[in-house]
Amino acid sequence: MNVLTALAGFPNAAPLAGLDRAWTWSLGPVLHFAGALTANGNRLLQTNQRGRHDEDLARAVLAFARRHEETLIGGGRPIRAVRGFSAAGYAFDAVAATAPAVHGHHRAQNPDLTAVTYIVFPAFATEVSGRESLEEAQAQYRTMLSPAEIGREAVPFLKMSFDNPRTGGGSTNSGRALAYPRMLRQEIPQLEGASGGFVEWENRTGEVWRVAWDGEWVLSGAEGERRGMSLDDVLDFADGTLLLS
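Residues numbered from 1 in each chain as written. Predicted model: local features only at pLDDT ≥ 70, side-chain atom pairs only at ≥ 80, totals over all residues. Heavy atoms only, no water.

(A) Quick peek at helix α8 (residues 231-242). Its 12 residues place the ends of α8 17 Å apart at the C-alpha level, agreeing with the 16 Å of an ideal helix rising 1.5 Å per residue. Residues of α8 that are buried: V234, L235, F237, A238, T241 and L242. Along the axis of α8, the buried residues cluster in a sector spanning 155°; they form a single face. Pointing more than 90 degrees away from the buried face of α8 are the exposed residues D232 and D236. As for α8, its buried residues are in contact with α7 (181-187), β11 (198-202), β12 (208-213), β13 (217-221) and β14 (224-229). (Helix = DSSP H or I, 4+ residues; strand = E, 2+ residues; numbered from the N terminus. Expected span 1.5 Å × (residues − 1). Buried < 20%, exposed > 50% of the residue type's maximum accessible area, 1.4 Å probe, protein only. Arc of directions from axis to C-beta. Contact = heavy atoms within 4.5 Å.)

(B) Looking closely at helix α6 (residues 134-144). Inspection of α6 places E136, A137, Q138, Q140, Y141 and M144 among the buried residues, and these make up the whole buried set. Two residues or fewer past α6, S146 is found with a positive phi of approximately 45°.

(C) Quick look at empty space enclosed by the protein. Overall, the coordinates contain 1 cavity of 30 Å³ or more when judged by the stated rule. As a volume, the largest cavity reaches approximately 50 Å³. Looking at the largest cavity, the residues that line it are E127, Q140, M144, L145, V155, P156, F157, L158, L178 and A179. Tallied by class, the residues present in the lining of the largest cavity amount to 8 nonpolar, 1 polar and 1 charged. (1 Å grid on protein atoms, 1.4 Å probe; cavity = no way out; pocket = protein on both sides within 12 Å on 5 of 7 lines; lining within 4 Å. Points joined across faces, edges and corners; volume = space filled by probe spheres on them. Nonpolar A, V, L, I, M, F, W, Y, C, P; charged D, E, K, R; others polar.)

(D) Seen up close, the layout of surface pockets. If you add up the space inside the largest pocket, you get close to 440 Å³. If you go around the largest pocket, you meet 19 residues; those closest to its centre are L31, F33, Q46, N48 and H105. Contributions of two or more residues to the lining of the largest pocket are made by β2 (22-27), β3 (31-37), β4 (44-50) and α6. Of the residues in the lining of the largest pocket, the class split is 9 nonpolar, 8 polar and 2 charged.

(E) Structural detail: the environment of L44. Secondary-structure assignment places L44 in strand β4. Remark: the alpha-carbon pair of L44 and I119, spanning 75 residues in sequence, is separated by 8.3 Å. In contact with L44, not counting residues within four places along its chain, are V3, L7, G35, A36, H106, L113, V116, T117 and Y118.

(F) Summary view of the pattern of salt bridges. For the coordinates displayed, the defined rule picks out 15 salt bridges. We note a salt bridge from E55 to R59, for which the minimum N-O separation is 3.1 Å. Highlighted residues: E55 and R59, both in helix α2 (residues 55-67), separated by 4 residues, approximately one helical turn. In this structure, R185 and D239 form a salt bridge, with 2.6 Å as the shortest nitrogen-oxygen distance. Of this pair, R185 sits in helix α7 while D239 sits in helix α8; the two residues are 54 residues apart in sequence, bridging distant segments of the chain. Taken together, the salt bridges that share partners define one network made up of R131, R176, E200, E202 and R210. (Salt bridge = Lys/Arg side-chain N within 4 Å of Asp/Glu carboxyl O.)

(G) Representation of the sheet that holds strand β5 (residues 79-83) within the structure. Spatially, β1-β2-β3-β4-β7-β6-β5 is the arrangement adopted by the 7 strands of the open sheet, whose pairing is mixed. Looking at which strands have only one partner, the edges of the open sheet turn out to be β1 (14-15) and β5. As paired strands, β5 and strand β6 (residues 94-98) are joined by 5 bridges and run antiparallel to one another. Within β6, the position partnered with I79 by the bridge is T98. Relative to β4, α2 is tilted by about 155°, and along the sheet it contacts β2, β3, β4, β5, β6 and β7 (117-123). (Pairing = 2+ DSSP bridges. Axes fitted to C-alpha atoms, helices over the stretch in contact; angles between N-to-C directions.)

These results come straight from atomic positions and should not be treated as a statement about function.
Encoded structure:
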């Protein structure tokens, strides 16, 4: 298919100033899109914005994605991110890309275009591990990261499992599953007095840590075991491992 022809046929389509072989289009006053062809012209790098719209940011994201397209979309991973991005007025420090099987855009009107479209968005380096399964990448893109919201805050990558005999709470999955960092901060304090309970988490770099209560806080992981920490120390440690850049 001719990707550039498909771009030019979108509603309210217009060339994106300052970037060759790139277009903008919109659906009403809320949904704004921009897309640029890859170097070979056979694939589309698309970025979406919902509500608040910033064409300069869209242009910067697409230009960065085009410079790093081999890393972002060439490895066959469902979601990847490249650090080093910056844009005035924003804290984003990376650009992420999701594969067609993750996002599903254009599926109803132009499924042939879906197969060659990669959604790119401004991101934070802490949000993507590069080891995500297809299902995990879909959860990140569709639910957790709100990639079309350019005013959003970072959602650091986190997989966790827990069991608390005192409260009866615990994971329903067989292993660690994606979770919001606030859930980690919520469950750790609940362990106090819960003998045999634990909270375990995995961060973006693959490090795994476990907290338990044994009359005192016990933290264990790759560096061995620590005891006698305060709850604040445990929570600060957990925050620090999630925010590794």
